[in-house]
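# Chains, contacts and geometry: an overview
For reference, the chains in residue letters:
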Amino acid sequence: MTKQIDIKELIPKMNPGYVTCDKDGTWNFWTTLPYLEIHHTYWQFDMDYITEESEAENLSVIFNIAPAEDWTKSLIKVGDK
């Protein structure tokens, strides 16, 4: 098993966008501002910000990232987005 890292270790290496953690501990990178879907325990695309270029990527498939202490407050802005 690979060493578990803190999301803050990845942020300086990322392109501008946003990162979030779902209730199950899955971290995602978003190119546009996501929306907290609290009743379904995850973050999703916010229709007010979505564009044709909007993308989301599951970071937990690539990295062993420690889950957020409070997933509902996990939204982090990355770079100058």
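To start, this report covers the structure provided alongside it. Note that residues are indexed from 1 along each chain, following the sequence as it is written. The predicted nature of this model means local features are confined to residues of pLDDT at least 70 and side-chain atom pairs, given and counted, to a pLDDT of 80 or more, with totals for whole chains, interfaces and linings taken over all residues. In computing side-chain properties, one takes all heavy atoms of the structure into account and sets aside hydrogens as well as water.

On to the pairing of strand E3 (residues 34-37), then. Here, strands pair whenever DSSP counts at least two bridges between them. We count a stretch as a helix when DSSP gives it H or I for four or more residues in a row; a strand needs E for two or more, and each element gets its number in order from the N terminus. Pairing geometry for E3 and strand E4 (residues 42-45), over 4 bridges, is antiparallel. From the neighbouring strand, Pro34 faces E4, where its bridge partner is Phe45. Between the antiparallel neighbours E3 and E4 lie 4 residues, among them Thr41 with a positive phi of about 65°.

Side chains of Glu52, Glu53, Glu55 and Glu57 sit close together on the surface and give a patch of like negative charge. With respect to the helices and strands, the residue Glu55 is situated in the loop between E4 and strand E5 (56-58). By relative accessible area, which is 54% here, Glu55 ends up exposed. Like charges are joined within 9 Å and nonpolar side chains (Val, Leu, Ile, Met, Phe, Trp, Tyr) within 5 Å, but only among residues with over 30% relative accessible area and no salt bridge; these make up the patches. Per-residue and other accessible areas follow the Shrake-Rupley method at a 1.4 Å probe size, with only the shown protein chains counted as cover for residues. Salt bridge criterion: a side-chain nitrogen from Lys or Arg within 4 Å of a carboxyl oxygen from Asp or Glu. Residues scored as positive are Lys and Arg, those scored as negative are Asp and Glu, and His as well as the terminal groups of each chain are ignored. By convention, the charge on Lys lies at NZ, on Arg at CZ, on Asp at CG and on Glu at CD. Type-normalised accessible area, obtained with a 1.4 Å probe on protein chains alone, sets the label of each residue: buried when under 20%, exposed when over 50%, and partly exposed for intermediate values.

Evaluated as defined, the whole model comprises 1 salt bridge. For Lys73, the salt bridge is made with Asp70, and the minimal N-O distance between the two is 3.9 Å. Since its relative accessible area comes to 68%, Lys73 is described here as exposed. With relative accessibility at 32%, the residue Asp70 sits in the partly exposed group.

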